[in-house]
Amino acid sequence: MIILGIDPGFAALGLARLEVNSLVERAEALAVVRTAKSARKAEVLATSDNARRLAELVDAIAPLMEGVVCIAMEAQSWPRHAGSAVKVALAHGAVIAMARERGIPLVQVSPQDLKRRVTGSRTASKAEVQAALERRFGPLAWPSPASIVGHAADALGAALCATGHPAVMMQRRLSCQR
């Protein structure tokens, strides 16, 4: 079974598919979807550009939902800048809508709980989260450039947090009985 981890963002959205069965947890795929503002900003309304960018995110996420039993998304600690908060909220809302449309349970994980679950410390740095994930899963195929790895690491951490969700635990028990 697959848990889809998501670090919601508008310019960079982290994705991780975590394969979970009765014996193994394996990071199946790690990615970061990046969207860019229109180069023709003067000719394109901001709302139209946001709609285009949001459609790019939805198009990238949709194929990864195949076989997913649970979506784990890092909850937002909202940015102070209103424009950034709106864009992150758009990505967040799109994921919620996609999960609901497909009947997939959605687990939201606070950034502090994600860090605690992965590293043992609620105040861990991005580098500490990444290192802890590599210790747990072995060498991982992080996306490049290095500046976006934190998004994929947060997505994988969120997926890992969802392994204790009742929907996932039930599926794991059922797979043991087969």
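How each quantity is defined
Residues numbered from 1 in each chain as written. Predicted model: local features only at pLDDT ≥ 70, side-chain atom pairs only at ≥ 80, totals over all residues. Heavy atoms only, no water. Axes fitted to C-alpha atoms, helices over the stretch in contact; angles between N-to-C directions. Helix = DSSP H or I, 4+ residues; strand = E, 2+ residues; numbered from the N terminus. Parallel < 35°, antiparallel > 145°, perpendicular 65-115°, else oblique. Contact = heavy atoms within 4.5 Å. Nonpolar A, V, L, I, M, F, W, Y, C, P; charged D, E, K, R; others polar. Core = buried A, V, L, I, M, F, W, Y, C linked by side-chain atoms within 4.5 Å. Buried < 20%, exposed > 50% of the residue type's maximum accessible area, 1.4 Å probe, protein only. Expected span 1.5 Å × (residues − 1). Left-handed = near helix turned anticlockwise from the far one by under 90°. Pairing = 2+ DSSP bridges.

### Points about the packing of helix 3 (residues 111–119) against helix 5 (residues 149–161)
Packed helix pairs are specified by the crossing angle of their axes together with the interaxial distance, meaning the distance between the axes.
Next up, step 1: Close contact between helix 3 and helix 5 brings their axes to 9 Å; oriented N to C, the two are set at 80°. When the axis of helix 3 is compared with that of helix 5, the two are roughly perpendicular. Residue-level inspection shows D113, L114, R117 and V118 of helix 3 in contact with helix 5, the latter providing D154, G157, A158, L160 and C161.
Next up, step 2: Looking at side-chain class alone, the contact of helix 3 with helix 5 contains 5 nonpolar, 1 polar and 3 charged residues.

### Observations regarding the nonpolar core
Next up, step 1: Ranked by size, the top nonpolar core spans 34 residues in total, and within it I3, L18, L133, L140, W142 and L156 carry the most contacts.
Next up, step 2: Breaking this core down by element, the ones donating at least two residues are strand 2 (12–20), strand 3 (25–34), strand 4 (68–74), strand 5 (106–109), helix 3, helix 4 (126–137) and helix 5.
Next up, step 3: A total of 9 residues in this core trace back to one element, the largest contributor, which is helix 5.
Next up, step 4: In contact with W142, not counting residues within four places along its chain, are L30, Q130, L133, E134, V149, A152 and A153.
Next up, step 5: Core analysis: the second largest hydrophobic core is formed by 20 residues, L4, I6, L57 and I104 among them.

### So, helix 5
Next up, step 1: The first and last C-alpha atoms of helix 5 sit 18 Å apart over 13 residues, in line with the 18 Å expected at 1.5 Å per residue.
Next up, step 2: With respect to burial, helix 5 is a largely interior element, 12 of its 13 residues being buried.
Next up, step 3: Within helix 5, burial applies to V149, G150, A152, A153, D154, A155, L156, G157, A158, A159, L160 and C161.

### Quick notes on the environment of A89
Next up, step 1: Its place among the elements puts A89 in helix 2 (residues 82–102).
Next up, step 2: Between the alpha carbons of A89 and I3 there is a distance of 22 Å; along the sequence they are 86 residues apart.

### Here's the deal with the packing of helix 3 against helix 4
Next up, step 1: Contact geometry of helix 3 with helix 4 gives a least axis separation of 9 Å together with a crossing angle of 40°. Between helix 3 and helix 4, the interaxial angle falls into the category oblique. The element helix 3 and its partner helix 4 pack so that their crossing is left-handed. Residue-level contacts link L114, K115, R117, V118 and T119 of helix 3 to E128, V129, A132, L133 and R136 of helix 4.
Next up, step 2: Across the contact of helix 3 with helix 4, the residue classes tally to 5 nonpolar, 1 polar and 4 charged.

### Some details on the pairing of strand 2
Next up, step 1: The buried fraction of strand 2 amounts to 8 of the 9 residues, a majority that puts the element mostly inside the structure.
Next up, step 2: Note: strand 1 (residues 2–7) against strand 2, 6 bridges, orientation antiparallel. In the sheet register, D7 faces strand 2, and the bridge partner there is G14.
Next up, step 3: A loop of 4 residues connects strand 1 with strand 2, the two strands running antiparallel in sequence.
Next up, step 4: With 9 bridges joining them, strand 2 and strand 3 adopt antiparallel strand pairing. For A12, the partnering residue across the bridge sits in strand 3 and is R34.

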